[in-house]
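Structural overview for review
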Amino acid sequence: MMLSELHQLNDGFVNKGNISVYAYQGAKQDASLTLQNIGISEGEVNFGIIAQDAEKDNTEAADVKTGTATLGAETVTLGYYTGKPELGTVVSKQVSVKNVKDLAATVTATAGPLTLANVAVDNAGELNFTATNGNVDVQRASIVNADKLTFNADAGNVTIGKDVAFQNTGVVAVTTGNGQDQTVTFAADYDGATGVLNIAGTKVAVTGNVKADNIVIGKLVDVTKDSTDKNTVGLSGAVTIGNVQTVNGKDVFTGSLTAGKTLTLEKGFTNATSVVAAETVVTGADVEVINDTKATMDLGNLSIAAHKKLALTNHNSGSAVTASKLTLDGELTVAGNEFELTGEGSANKGKITIDGRGVFTIGGTLANSGTIAFGAAGSTLVVDGSLENA
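Let me sum up the structure you'll find in this document. (Residues numbered from 1 in each chain as written. Predicted model: local features only at pLDDT ≥ 70, side-chain atom pairs only at ≥ 80, totals over all residues. Heavy atoms only, no water.)

1. Some remarks on unusual backbone geometry
A positive phi angle, close to 50°, is found at N248, a residue other than glycine. Inspection of the secondary structure puts N248 in the loop between β25 (243-247) and β26 (250-254). Although it is not a glycine, H307 sits at a positive phi angle of roughly 70°. Inspection of the secondary structure assignment puts H307 in the loop between β32 (301-304) and β33 (309-314). H307 sits in the exposed class, given a relative accessible area of 74%. (Helix = DSSP H or I, 4+ residues; strand = E, 2+ residues; numbered from the N terminus. Buried < 20%, exposed > 50% of the residue type's maximum accessible area, 1.4 Å probe, protein only.)

2. A short note on the environment of I372
On the secondary structure map, I372 appears in strand β42 (residues 371-374). According to the relative accessible area criterion, I372 is partly exposed, its value standing at 23%. On a C-alpha basis, the gap between I372 and I354 in space is 7.8 Å, while along the polypeptide they are 18 residues apart.

3. Focus on the side chain of N291
Within the secondary structure, N291 sits in strand β30 (residues 287-291). Take N291: its relative accessible area is 0%, and that puts it in the buried class.

4. Some points on the nonpolar core
Most often, soluble globular proteins keep nonpolar side chains buried together rather than apart. With 86 residues, the main nonpolar core has F47, L78, F129, F151, I160, V174 and F186 as its most contacted residues. The contacts of F151, once residues within four sequence positions are left out, are L116, F129, V136, V138, I143, V158, I160, A173, V174 and T175. (Core = buried A, V, L, I, M, F, W, Y, C linked by side-chain atoms within 4.5 Å. Contact = heavy atoms within 4.5 Å.)

This is the structure:
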């Protein structure tokens, strides 16, 4: 491994510098470099493999197959960005981080935070950014991932900022440990055209606009076992979609979730802004979904299999939660405000419960051979279309 072009070293912070960590193929093909603190505002961090035996520098080795490289320090800061255009001059300095195919590389902060203030990541192998005892904060980044890329905080929180852009054809994982209130905040926009994105924390807050063909809530995508399109997002934890803030008397909405094909609900979530799915499949035994006071939700073709349950509470009095089709063999409970079936529905041996002053509106048609039950007083069934009750 080597350090090169390090300038203006001051308490561990380097204004400009390059760090290269190379694993050598041969008897010792792993590399590790540990510094007290790492702070580079501009430059490069390169991970690579050299086809040469580390103990015999003049001996050529066979083609390189695998290797590991680790760069560690108590705290890590890469890149620099300050100011806003409306406030004057913006100072932007970037650090590029590159990793090659077949190399498992790790950047680790062992005692404090790991901050990617302004980076360009180009990963062709396995690249891990991890903080053992601090937070991981990715503020501004351009990320190209062709294999496996992980952002992880063992004991802290992980934040992926709104100024992070992804080009992902592999698997990106954003995770925390299992400690109380460990939170992943994903504020970036993500359009998973070709890759897999897994997000897991005790709490998961999606405040960016996340789109994919397939989205799973309640478990992560296991790419070694699940047969899935390379266009899937997995969310695991107490999941909240979006955020609403009042600015100068007006509501500002950030974040949304859009499943172009299928939204799979192994567990529930809270929607604060917008959730849209072409199809929603309930696979969990007891799934609770909350639509908040200013949120909208379209579940598309909703199916609930036998022995599966969906409890849907709509707190928005001005907008119904909608489904264009309903296939019900399990249980559906609606409460709070309106749920509307806009197209065809069949409740075979399933059960519909209207509870908590909820409203079930049949705007299309419902063929019911199951059970429709009313819970609390004030619960209402509205038939604007047709109801066939066998």
